[in-house]
Structure formats: C-alpha cells, structure tokens
Amino acid sequence: MNLPVEVIEAARQDRCVLFLGNRAAVEAAELLGGSCVDQRGIAKQLGWKKPMIVAGKKGTVVGVEDTASAFERANGRPALLAALAAGLGGAGAPSAAHDVAVRRFPLILTTNYDDLLERAAAAAGVPIDVLGRQSVLPAPQQGRCTLVRLRGEFARPDTMLVTAADHAARPLGAELKKQLRLLMRHQVVLFVGFRPDEEEFERLFSELSDAYGGELPRCHLAVAQGPIDDFLWQKWVWRGLLMFTADPVECLTELEARRS
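Because the structure is predicted, anything quoted here is derived from the model rather than measured.

Parameters and conventions
- Residues numbered from 1 in each chain as written.
- Predicted model: local features only at pLDDT ≥ 70, side-chain atom pairs only at ≥ 80, totals over all residues.
- Heavy atoms only, no water.
- Helix = DSSP H or I, 4+ residues; strand = E, 2+ residues; numbered from the N terminus.
- Buried < 20%, exposed > 50% of the residue type's maximum accessible area, 1.4 Å probe, protein only.
- Contact = heavy atoms within 4.5 Å.
- Lys, Arg positive; Asp, Glu negative; His and termini not counted.
- Charge placed at Lys NZ, Arg CZ, Asp CG, Glu CD.
- Pairing = 2+ DSSP bridges.
- Axes fitted to C-alpha atoms, helices over the stretch in contact; angles between N-to-C directions.
- Right-handed = clockwise from strand over helix to strand, strands pointing away.
- Polar contact = N/O pair within 3.5 Å; in protein donor to acceptor, adjacent residues only side chain to side chain.
- Phe/Tyr/Trp six-rings, centres within 6.5 Å; stacked < 30°, edge-to-face > 60°.
- Salt bridge = Lys/Arg side-chain N within 4 Å of Asp/Glu carboxyl O.

Draft legend 1. Quick look at the overall build of the protein. Per the secondary structure count, the protein includes 12 helices and 7 strands. Considering only C-alpha atoms, the protein reaches an extent of 50 × 40 × 40 Å along its principal axes. Relative to its 260 residues, the protein shows a buried fraction of 53%. Pairs at least 24 residues apart make up 69% of the contacts formed inside the protein by residues separated by at least 6 positions. Distance from the positive charge centre (31 side chains) to the negative charge centre (32 side chains) of the protein: 3 Å.

Draft legend 2. Seen up close, the sheet that holds strand β6 (residues 219-223). Sheet architecture is open: 7 strands sit in the order β3-β4-β2-β1-β5-β6-β7, paired in parallel fashion. Of all the strands in the sheet, the pair left with one neighbour each is β3 (128-131) and β7 (241-245). The sheet shows a mean angle of 20 degrees between the axes of neighbouring strands, taken without regard to direction. Across 3 bridges, the pairing between strand β1 (residues 16-20) and strand β2 (residues 107-110) is parallel. Paired with L18 across the two strands is I108, which belongs to β2. With respect to the sheet, helix α10 (residues 199-212) is in contact with β1, β5 (188-194), β6 and β7, its orientation differing from that of β5 by roughly 160 degrees. Packed on one face of the sheet, helix α12 (residues 248-259) meets β1, β5, β6 and β7 and runs near 145 degrees to β5.

Draft legend 3. Expanded view of the pairing of β6. The element β6 is largely enclosed, with a buried count of 5 among its 5 residues. Burial of the side chains of β6 extends over both faces: C219, L221 and V223 are buried on one face and H220 and A222 on the other. Alignment of β5 against β6, held across 4 bridges, turns out to be parallel. Paired with F194 across the strands is V223, a residue of β6. Since β5 and β6 lie parallel, the crossover through α10 that links them has a hand, and here it is right-handed. Relative to β7, β6 is paired through 5 bridges, and the arrangement is parallel. The residue of β7 that forms the bridge with V223 is T245.

Draft legend 4. Structural context of the side chain of R133. Along the polypeptide, R133 turns up in the loop between β3 and β4 (145-149). Side-chain polar atoms of R133 contact the backbone oxygen of L150, separated by 2.8 Å. At 2.9 Å, the side chain of R133 forms a polar contact with the backbone oxygen of R170. Leaving out residues up to four positions away in the same chain, R133 has contacts with R149, L150, L161, H167, R170, P171, L172, G173, L176 and E207.

Draft legend 5. Structural context of unusual backbone geometry. Of note, D14 is a non-glycine position whose phi angle comes to about 55 degrees, a positive value. Along the chain, D14 turns up in the loop between α1 (5-12) and β1. Under the relative-accessibility criterion, D14 is labelled partly exposed at 34%.

Draft legend 6. Expanded view of the packing of aromatic side chains. Scanning the model with the defined rule gives 9 aromatic pairs in all. Ring centres of Y113 and F154 lie 5.5 Å apart, and the angle between their planes is 50 degrees; on these two criteria the pair is classed as tilted. In this pair, Y113 is assigned in the loop between β2 and α7 (116-124) and F154 in the loop between β4 and α8 (164-169), connecting sequence segments 41 residues apart. With relative accessibility at 6%, the residue Y113 sits in the buried group.

Draft legend 7. Just the pattern of salt bridges, in detail. Following the criterion strictly, the structure yields 21 salt bridges and no others. The partner of K177 in a salt bridge is D210, with the nearest N and O atoms 2.8 Å apart. On the criterion of sequence distance, the pair formed by K177 in helix α9 (residues 174-186) and D210 in helix α10 is long-range, its members being 33 residues apart. The exposure class assigned to K177 is partly exposed, which follows from its relative accessible area of 22%. R195 is paired through a salt bridge with D197; the nearest N and O atoms lie 3.2 Å apart. An identical accessibility class is assigned to R195 and D197; each is buried. Through salt bridges with shared partners, one network takes in D99, R103, R104 and E256.

What is shown is where atoms sit, not what they do.
As structure tokens, then:
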C-alpha cells in the first residue's frame, strides 16, 4: 500500500478529515465471520433484478436508492428499514479501523447507519459527540471525537436517508455546508471504506461538491476490496481524487503506525 505522504503529515497535525463508508462495516463483519452486505448486496436483497449499472453513469454499480424507492412503494417504509437492518446490522464488533478512527481523528463523517464507531469510542474511553446533517460542528477538542452521521442511524429510524427522495427532502444544513467548505479548503480529506464504482460514494462526492461550490480540492480515497480499473481511475482523477488500494483496517492501522 502506498499511503500518501500528504495524508500522513495531515494526520500527524490533526488536519485530516475522515469520511468512513459501508465497506468498514462489511470488513468488520468478515473479520468475525459475520454477515454485512455491500451496496450491490443491499440492492439484491431489496429485489434488484436488472443489470447492476446506474443509467447514464458508466462504471457505477447500482446502490440502494432506486431499488429502495421501489421496495418502499411496494412494501412500506417500516419494511424497508427492517430489510436494511437485516442486511447491514450484522457487523458484530468494531474493527481496528473503528478503534483508530475514534482515537486519532477529531472529526469523522460517515454514511453508515451502524453504531460501530460509538462502540469503539466507548471501549477506548473517548468522548464522542454524535451529530446529524443539520448540525453545526463544535470547535475541536483534544481527546474528543465529533461524529457526523450523514445518512442517519438505525437507532433513530426517522433520521435515515435511503432513497433519492429522502436526500432531496433533507439536504445538508446551510451552516454545516459552510463549515465543510472551509474544512475541505484547509484540511486534507481522506475517504476510507468506499469504492469509486458505488452509488454511495457518488452521492457523497456530489453532496460535498455542492457544499464546496464546485470541484473539490485534491482528496484521497483508499479503495476498498479490489483493484481500480482504468476507466474509474481516469474518471476520478479528472475530478481531483487521488486513489490507492487499501481496506479500512489496512489503511488506518498503517496510518496509525506511520504517524507515530
């Protein structure tokens, strides 16, 4: 793994903002022999039958949004959330990636619904403030972690964003967008637990671009579980994203070792 020097230096100086995705939960479940599905797996569990490609977005597999919308229309909202919990709720225990994240990153933003970060913080004795999409970020405090849940959480079903309609109805708060714009301008952004061919990452990157008011400054993505094909490399490099291959545990434990 070729961990970027820029990320290492930013982490040493507490200037690295971490975004954590679904692949962190998938990996945590796999390490314990449990079950937690990725974006393609979620879509399949919700009944997706067609080729797993987003219309008009070559190289992006179907995530959850369209399939979830159809499932919700057919079965209702409670059934949709129950199906998501069944597919995503088996992550088991926090992994080493979650432990490093809460101990070493003052600010974490996640697209996950699970409580693995909160459980990791409790085990490490790290105070953690959990915020939502409409929140205002507090000033960073040494030894304390701020977690922003960008899509809600299982513990509060009313906060969960699953479909495109959910995102449209509850955009990022205006003040949070301002704060994110400043963070992305002055700090180093590291995405961990995502793949560049999944809708989850497309949605997040689009929201951040909107908050920034244009193309993002240079960011780094640790691509989980698998190589990066040439099409995706070119697609994202042109958007300012620097990619390297690393699963969440591999990336964050190596970063912890290097920052020391």
